[in-house]
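What the coordinates show
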Number of protein chains: 2
Amino acid sequence: MGVCVLKILKDKKIVPKYNVCVMGIRGEESCWFPYSYIGSKIALGVFEKNLLKKLIRTDTGKSLKDHINFSGFDSSSVAAKKTKFDFKNTIAFIEPHIEQGPVLEKTKIPLGIVTGIRGSIRYRKARCIGKYLHSGATPIDYRSDSVLAVSTLVAEMNDVWKQELKKNKDLTITFGEFYTDNKEHSFAKSAGLVNFCIDLRSNSKTTLNKIKNTLFKKIKKIEKETKTLFKLGEETDSEPALMNKKLINKFKSTAINSKVKYKIMASGAGHDASVFSNNNIPSLMLFIRNKHGSHNPKEYMSMKHFSTVLSVLKNSILNF
Amino acid sequence: MGVCVLKILKDKKIVPKYNVCVMGIRGEESCWFPYSYIGSKIALGVFEKNLLKKLIRTDTGKSLKDHINFSGFDSSSVAAKKTKFDFKNTIAFIEPHIEQGPVLEKTKIPLGIVTGIRGSIRYRKARCIGKYLHSGATPIDYRSDSVLAVSTLVAEMNDVWKQELKKNKDLTITFGEFYTDNKEHSFAKSAGLVNFCIDLRSNSKTTLNKIKNTLFKKIKKIEKETKTLFKLGEETDSEPALMNKKLINKFKSTAINSKVKYKIMASGAGHDASVFSNNNIPSLMLFIRNKHGSHNPKEYMSMKHFSTVLSVLKNSILNF
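Residues numbered from 1 in each chain as written. Chains lettered and ligands numbered in written order. Predicted model: local features only at pLDDT ≥ 70, side-chain atom pairs only at ≥ 80, totals over all residues. Heavy atoms only, no water.

Things to note about the interface of chain A and chain B
Under the convention used in this document: In what follows, a contact means two residues having at least one pair of non-hydrogen atoms within 4.5 Å. A simple way to read buried area is as the amount of 1.4 Å-probe accessible surface that goes missing from two parts once joined, with both sides added. Nitrogen and oxygen atoms within 3.5 Å of one another constitute a polar contact, given that in protein one can donate a hydrogen and the other can accept it, and given that sequence-neighbouring residues count only through two side-chain atoms. The numbering of helices and of strands both runs from the N terminus, where a helix is a DSSP run of H or I of at least 4 residues and a strand a run of E of at least 2.
Taken together, the contacts link 51 residues of chain A with 51 residues of chain B. If you sort the residues of chain A by the area they bury against chain B, A:H134, A:I140 and A:F187 come out on top, with a joint share of 17%. Scanning the region where chain A abuts chain B turns up 14 residue pairs in polar contact (both at pLDDT 80 or more). Only β3 (119-129), α7 (146-166), β5 (172-174), β6 (178-180), β7 (189-190) and β8 (193-202) of chain A provide two or more residues apiece to the side of chain A that touches chain B. With nine residues, α7(A) is the largest single contributor of residues to the side of chain A that touches chain B.

Shown next as structure tokens:
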């Protein structure tokens, strides 16, 4: 969408009042390396250098440092926190993105103007250790069942989520992976091991920390009840971020003037814009209406909605 | 243990009043073929012939019929329900076995005299189908989370189990396998698929059927709550069986006369003795004290306890 704006400006020979720069940023998602916002943090010179060796790509087993060097870049300038741009005088960082929930699609609105981005607390490699015991011969009091333990945690944390929503707190709680060991598990035994992961998200750091405490308390209780042991493993966090109010209002006005329907909304997922915002650069995200959510092969944005949002973006830039 | 009895009789030149026959029976467990008691059912001529082709060994992909023939036996005589022995005049089938729970070990008693064997209802290949949806961007009301659905079922069925125990019903409920799809699952998505299995056991067929009904009701409720779909797959059952009261009393008397401590107890696991019992052959199981339960590499029976139970078995046979 950024390149389209440049093309329009060039074709129409419009010179904007400010430099317009289009960035393509790598490593926002933590698919390859278990860490978010790698590209934006490097661009801003805030990437911790010890992570260069520590972060290992899941498919190659090689470090981020190795991959940066193999790709023809210089990891030592990353370690030295050198940056290509001076962001001091940046007046806006704008990130357009397909909407990832079903809200715009269901309400038939092409544009979302984002107020804030959720932060997260994650345990990617959590385990619950119990004992493999005969399913027919082991009485309830002698059991140490990992499946029961983690299932209880999932069910109870879902109740916690509902309670927080009733109090109008922003929150999601997800256990996306849950698996017994396929070398040991069997229908005729209670399971001695469950691997799982936890993803907590909220636009409030207070809520995240409160839910983390609740999680720890629940685990202690369930360990006693089920005679099991939880090992949550390493915690990886990302910070919640607020979008810039002036930018929100500017894009709102442009949308109204362009007769484009918009929705003011939060972003459930994390995005590079949160890193720019948390480093004091006025930032904004735009959502484009999209079918079937994101992170799946069926995600679909029509070019009509793309063009609508593009016109709002272009007009906003021209009115800066 | 049967062979040891024969050896003692032979060495001491004792001729018992009745023929003593030692059987080694294959296929009691359903590890290779998804069916229990194959050997004992074939021995008794009650094995359903359509299963010969239908049962497929998990590791080879070949049928039971093929494996019987490859091993030098004749599957057509199995299909014709021909038997080697006429069991009509059998006065007792005795099955010695390590105890599979921790009861004899914890109470330091070498011998268990078994009153009955639990039957089972099993769903070995159950699935719960939901949708893979972004963990941060999908609100609670739009979710269709398989992990939450199956976890809720596990937690609620555990409560059902506790309630039945309070009513003095004999029961175990186990979910030994529970796994999301490792090609699709991720910490950043709610899970669209969980594979799991259910094992219900009881010495009462009434209890088994009642719990099966409860299970179905819970699933319907949870499907609505979580917008998911459960597919339990094929059900495989085994019948509960009572051991013969006269045999129980005979072995009790022998134990008392031999000054061997014993415990009268049920068998949580299924055993070939249940097939003999359900085919009107007076049957009994003896449990031998054993450490660490069964079905795991640490199971351990000391030869001292083996000898103690052997003496009770031999003396009982001589007193028939």
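Picking up after the structure, the text goes on.
Regarding the packing of aromatic side chains
The following threshold applies: Centres within 6.5 Å are what make two rings of Phe, Tyr or Trp a pair, Trp counting through its six-membered ring; a difference in plane orientation under 30 degrees is then read as stacked, over 60 as edge-to-face, and the rest as tilted. Each residue gets one of three labels from its accessible area relative to the maximum for its type: buried under 20%, exposed over 50%, partly exposed in between, using a 1.4 Å probe on protein chains only. Remark: a charge is flagged as sitting over a ring if the NZ atom of Lys or the CZ atom of Arg is within 6 Å of the ring centre and within 35 degrees of the ring normal.
Under the criterion given, the structure shown has 13 aromatic pairs over all chains. Centre to centre, the rings of A:F87 and A:F276 are 5.8 Å apart; their planes meet at 70°, and the pair counts as edge-to-face. On the criterion of sequence distance, the pair formed by A:F87 in the loop between α5 (75-79) and β1 (93-98) and A:F276 in helix α10 (residues 272-278) is long-range, its members being 189 residues apart. By the burial criterion, A:F87 is buried, and A:F276 matches it. Both rings, one in A:F196 and one in A:F230, keep their centres 6.0 Å apart while their planes meet at 85°; by these two values the pair is edge-to-face. On the criterion of sequence distance, the pair formed by A:F196 in strand β8 and A:F230 in strand β9 (residues 229-231) is long-range, its members being 34 residues apart. We note that A:F196, like A:F230, is buried. Linked through ring pairs, A:F85, A:F87, A:F93 and A:F276 together constitute an aromatic cluster. In this structure, B:R57 packs its charged tip against the face of B:W32, placed 3.6 Å from the ring centre.

Things to note about the nonpolar core
The tendency in soluble globular proteins is for nonpolar side chains to be buried as a group. Going by this rule: Side-chain atoms within 4.5 Å link the members of a nonpolar core, which is a set of buried Ala, Val, Leu, Ile, Met, Phe, Trp, Tyr and Cys residues.
Residues A:F196 and B:F196 are the most contacted members of the largest nonpolar core, which totals 58 residues. Counting residues per element, the ones that place at least two in this core are β3, α7, β8 and α8 (205-226) of chain A together with β3 (119-129), α7 (146-166), β8 (193-202) and α8 (205-226) of chain B.

Focus on the pairing of strand β13 (residues 283-288) of chain A
Residues and elements named next belong to chain A. So the rule is basically this: Only strands joined by at least two bridges in the DSSP assignment are considered to pair.
Judged by how many residues are buried, β13 sits mostly within the fold: six of six residues are covered. Of the two faces of β13, the one lined by S283, M285 and F287 and the one lined by L284, L286 and I288 are each fully buried. Of the strand pairs in this sheet, strand β2 (residues 111-117) and β13 are connected by three bridges, and their pairing is antiparallel. Note on β13: the bridge partner recorded for G112 is F287.

What about the relation of the copies chain A and chain B?
Superposition of the two copies of the chain requires a rotation about an axis and a shift along the axis. What counts, and what does not: A least-squares fit on C-alpha atoms brings the copies together, and the residues used are those whose pLDDT is at least 70 in both copies.
Turning chain A through 180° and shifting it by 0.0 Å along the axis lays it on chain B, with an RMSD of 0.1 Å. In symmetry terms, the pair is related by a two-fold rotation axis. By residue overlap, the copies meet face to face through one surface: 100% of the interface positions of chain A are interface positions in chain B.

Quick look at α8(B)
All names here are of chain B. Going by this rule: A helix is expected to span 1.5 Å multiplied by its residue count minus one. Note that the arc is computed from the directions linking the helix axis to the C-beta atoms.
For α8, built from 22 residues, the straight-helix expectation of 32 Å at 1.5 Å per residue is met to within 8% by its first-to-last C-alpha distance of 31 Å. Turning to α8, its buried residues are T207, L208, I211, K212, L215, I219, I222, E223 and T226. Taken down its axis, α8 places every buried residue within 140° of arc, on the same side. Opposite the packed face of α8, turned more than 90 degrees from it, sit the exposed residues T206, K217, K220 and K224. Where α8 is buried, its residues meet β3, α7, β5 (172-174), β8, β9 (229-231) and β10 (235-238). The distance from a side-chain oxygen at the start of α8 to the backbone nitrogen of T206 is 3.2 Å, and the residue carrying that oxygen is S204.

Thoughts on the pattern of salt bridges
All names here are of chain A. Selection rule: For this document, the term salt bridge refers to a Lys or Arg side-chain nitrogen within 4 Å of an Asp or Glu carboxyl oxygen.
For the structure shown, the criterion picks out 32 salt bridges over all chains. The partner of E105 in a salt bridge is R289, and the shortest N-O contact between them spans 3.0 Å. Residue E105 is located in helix α6 (residues 103-107), and its partner R289 is located in the loop between β13 and α11 (303-318); the two are separated by 184 residues in the primary sequence. Its salt-bridge partner being E156, residue K218 comes within 3.3 Å of it at the nearest N-O pair. With K218 in helix α8 and E156 in helix α7, the pair connects residues that are 62 residues apart, well separated along the chain. Bridged by salt links that share partners, the residues E156, K218, K221 and E225 form one connected network.

Some words on the state of the cysteines
Residues and elements named next belong to chain B. The test is simple: Note on disulfides: each one is a pair of cysteine sulfur atoms within 2.5 Å.
The tally for this structure, following the rule as stated, stands at zero disulfides over all chains. Its sulfur unpaired, C4 is 16 Å from the next cysteine sulfur, which belongs to C21. The partly exposed category is assigned to C4, whose relative accessible area is 29%. Take C197: it sits in no disulfide, and the sulfur closest to it among the cysteines is that of C31, at 13 Å.

Some details on the packing of helix α9 (residues 245-257) of chain A against α11(A)
Residue and element names in this part refer to chain A. Basically, it comes down to this: Under this scheme, a helix contributes an axis fitted over its contacting stretch, all axes are lines through C-alpha atoms, and angles between N-to-C directions fall in the 0 to 180 degree range. Note on convention: the crossing is left-handed when the near helix lies turned anticlockwise from the far helix by less than a right angle, right-handed when the turn is clockwise. Put simply, Ala, Val, Leu, Ile, Met, Phe, Trp, Tyr, Cys and Pro go in the nonpolar bin, Asp, Glu, Lys and Arg in the charged bin, and everything else, Gly too, in the polar bin.
In the contact formed by α9 and α11, the axes pass within 9 Å of each other and the chain directions differ by 120°. The two elements α9 and α11 meet at a crossing, and its hand is right-handed. From α9, K250, F251, T254 and A255 reach across to α11, where they touch V312, L313, N315 and S316. Counted by class, the contact of α9 with α11 contains four nonpolar, three polar and one charged residues.

Thoughts on a positive patch on the surface
Put simply, the rule reads: Distance thresholds for patches are 9 Å for like charges and 5 Å for nonpolar side chains (Val, Leu, Ile, Met, Phe, Trp, Tyr), applied to residues having over 30% relative accessible area and no salt bridge. To be clear on the numbers: accessible area is Shrake-Rupley with a 1.4 Å probe, and residue cover counts the displayed protein chains and nothing else. His is not counted, nor are the chain ends; Lys and Arg add positive charge and Asp and Glu add negative charge. Here the site of a charge means atom NZ of a Lys, CZ of an Arg, CG of an Asp or CD of a Glu.
A cluster of basic residues, A:K106, A:K298, B:K131 and B:K227, forms a positive patch on the protein surface. On the secondary structure map, B:K131 appears in the loop between β3 and β4 (133-134).

Brief notes about the side chain of A:D272
Relative to the helices and strands, A:D272 is located in helix α10. If near-sequence neighbours (up to four positions away) are discounted, A:D272 is found in contact with A:I25, A:E28, A:Y37, A:S40, A:F93 and A:E95.

By themselves, these observations are geometric and do not establish any function.
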